[in-house]
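Single-letter residue listing:
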Amino acid sequence: MQGKFFIDSNVCLYLFDKDRAKAAITEKLFVDGAVISTQVLAEVANVLVKKFLFSKKDAIETIRFLRNKVDVKPRYI
């Protein structure tokens, strides 16, 4: 993909889907040009803890991993 594109929290959460094919496709989106907002990171962390039952520590580590894969903006314009 060329140019910048925004990844929404729902797309981020596909990384943890039981359907490994869906997760594999999502992993390919985390390349140069991908942008997520700080709000998306917060939403993903919340769902990881509440729905996927991650510990807060594991959720934070996951958010750090995502943050290092993409360009993070305070908000997407």
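Describing the environment of D32
Move 1: Turning to its location among the elements, D32 is positioned in the loop between α2 (20-27) and β2 (34-37).
Move 2: Using a relative accessible area of 73% as the deciding quantity, one classes D32 as exposed.
Move 3: For the pair D32 and F5, spaced 27 residues apart in sequence, the C-alpha separation works out to 9.5 Å.

A word on the packing of aromatic side chains
Move 1: This structure, assessed with the given rule, holds 2 aromatic pairs.
Move 2: Relative to F52, the ring of F16 lies with its centre 6.1 Å away and its plane at 50°, an arrangement referred to as tilted. Separated by 36 residues along the polypeptide, F16 in the loop between α1 (9-13) and α2 and F52 in the loop between α3 (38-50) and α4 (56-69) bring together distant segments of the chain.
Move 3: Take F52: its relative accessible area is 30%, and that puts it in the partly exposed class.
Move 4: Consider the rings of F16 and F54, whose centres lie 5.6 Å apart with planes at 85°: the pair is edge-to-face. With F16 in the loop between α1 and α2 and F54 in the loop between α3 and α4, the pair connects residues that are 38 residues apart, well separated along the chain.
Move 5: Using a relative accessible area of 24% as the deciding quantity, one classes F16 as partly exposed.
Move 6: Taken together, the ring pairs in this structure connect F16, F52 and F54 into an aromatic cluster.

Calculation notes
Residues numbered from 1 in each chain as written. Predicted model: local features only at pLDDT ≥ 70, side-chain atom pairs only at ≥ 80, totals over all residues. Heavy atoms only, no water. Helix = DSSP H or I, 4+ residues; strand = E, 2+ residues; numbered from the N terminus. Buried < 20%, exposed > 50% of the residue type's maximum accessible area, 1.4 Å probe, protein only. Phe/Tyr/Trp six-rings, centres within 6.5 Å; stacked < 30°, edge-to-face > 60°.

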